[in-house]
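# Summary of the model geometry
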Amino acid sequence: MKEIAKIYTDFPEKFGIPRQSGLVEGLTGRLVFEPAYRNPDALRGLEQFSHIWLLWKFSQTEREKWTATVRPPRLGGKEHVGVFASRSPYRPNDIGLSSVRLLEIRMDEKDGPVLFVDGVDMANGTPVYDIKPYIPLCDCHPEASGGYTDRTREHALKVDFPRELLERYPEEKRDAVIGVLAQDPRPAYVMDPERIYGLSFAGYDVKFRVEGDRLTVVDLLKMKEKA
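Residues numbered from 1 in each chain as written. Predicted model: local features only at pLDDT ≥ 70, side-chain atom pairs only at ≥ 80, totals over all residues. Heavy atoms only, no water.

Turning to the pattern of salt bridges, a few remarks are in order. Considering all chains together, one arrives at 11 salt bridges under this definition. Residue Asp111 pairs with Arg38 through a salt bridge whose shortest N-O separation is 4.0 Å. Note that Asp111 is positioned in the loop between β6 (95-108) and β7 (112-118) and Arg38 in the loop between β2 (28-33) and β3 (51-57), a separation of 73 residues in sequence. A salt bridge links Lys132 to Asp130; its shortest N-O distance comes to 2.9 Å. For Lys132, a relative accessible area of 40% puts it in the partly exposed group. Taken together, the shared-partner salt bridges connect Glu3, Lys6 and Glu34 into one network. (Salt bridge = Lys/Arg side-chain N within 4 Å of Asp/Glu carboxyl O. Helix = DSSP H or I, 4+ residues; strand = E, 2+ residues; numbered from the N terminus. Buried < 20%, exposed > 50% of the residue type's maximum accessible area, 1.4 Å probe, protein only.)

All right, on to the pairing of strand β10 (residues 197-201) then. Across the 5 residues that make up β10, a large majority, 4, are buried. With 5 bridges connecting them, β10 and strand β11 (residues 204-211) associate as antiparallel partners. Bridge pairing links Leu199 to Val206 in β11. Where β10 folds back on β11, the antiparallel hairpin that results is connected by 2 residues, among which Ala202 adopts a positive phi of roughly 55 degrees. (Pairing = 2+ DSSP bridges.)

Ordered in space as β9-β12-β11-β10, the 4 strands form an open sheet in which the pairing is mixed. The strands lining the two open edges of the sheet, one partner per strand, are β9 (158-160) and β10. Across the sheet, the mean angle separating the axes of adjacent strands is 35 degrees when strand polarity is ignored. In terms of strand pairing, β9 meets strand β12 (residues 214-222) through 3 bridges, oriented parallel. The partner of Asp160 across the bridge, within β12, is Thr216. The strands touched by helix α3 (residues 174-182) within the sheet are β9, β10, β11 and β12, with β10 carrying the most contacts at an inclination of about 140 degrees. (Axes fitted to C-alpha atoms, helices over the stretch in contact; angles between N-to-C directions. Contact = heavy atoms within 4.5 Å.)

Before going further, it helps to examine the packing of aromatic side chains. Going through the model one piece at a time under the given rule, you end up with 7 aromatic pairs. With a centroid separation of 5.4 Å and an interplanar angle of 20 degrees, the aromatic rings of Tyr197 and Phe208 are classed as stacked. Here Phe208 lies in strand β11 and Tyr197 lies in strand β10, a separation of 11 residues in the sequence. For the pair Tyr197 and Phe208, one class covers both residues: buried. Three or more aromatic residues joined by ring pairs make a cluster, and in this case those are Phe11, Tyr169, Phe201 and Tyr204. In this structure, Arg106 packs its charged tip against the face of Phe116, placed 4.2 Å from the ring centre. (Phe/Tyr/Trp six-rings, centres within 6.5 Å; stacked < 30°, edge-to-face > 60°. Lys NZ or Arg CZ within 6 Å of the ring centre and 35° of its normal.)

Listed below in structure tokens is the structure:
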């Protein structure tokens, strides 16, 4: 498998990343090709598609061994299903699959053609193996059964983000961070209402706690930029 590109997002770590692509609008990414693949001809015609598939590497969840069953977070982390009946990152091959909206293809003097996408579920710097166009004719199946995910489709927290804290965030990132928090980034096995969690997103560390179906932001810290 050849790494053709890397995608750059607002998530420096895996905690808080939505469990599926397309769940939260405004989660944008910038896909930069490796030098060997910066030929604009390779993207000829891609601008005609509104969405694309990305195949990528679970680079922050590497394990030496795999298990036959996993516990999906949306089932409370208690029920086991087969790894091939899930989208768990802990798999025999660490390959992820995401459907994202293609916003723009922009030519950069240094990096060549750069793809800007929305609806990402990948950490910053994730290696990308391949890009394919999303084709509604054959990729969309409205009649499809969602298995156990049909039981967990409606799962969103009410987010209480005090105005004085939210206004510290760049305006263009505010809806996105609220959307990420509403998806409940906590591990399924941790439900302590007194515990304060930290979510790193778009240059800030968001401190929050959850009680019932309400998430409350208690502090917002500017993250130190790496030298």
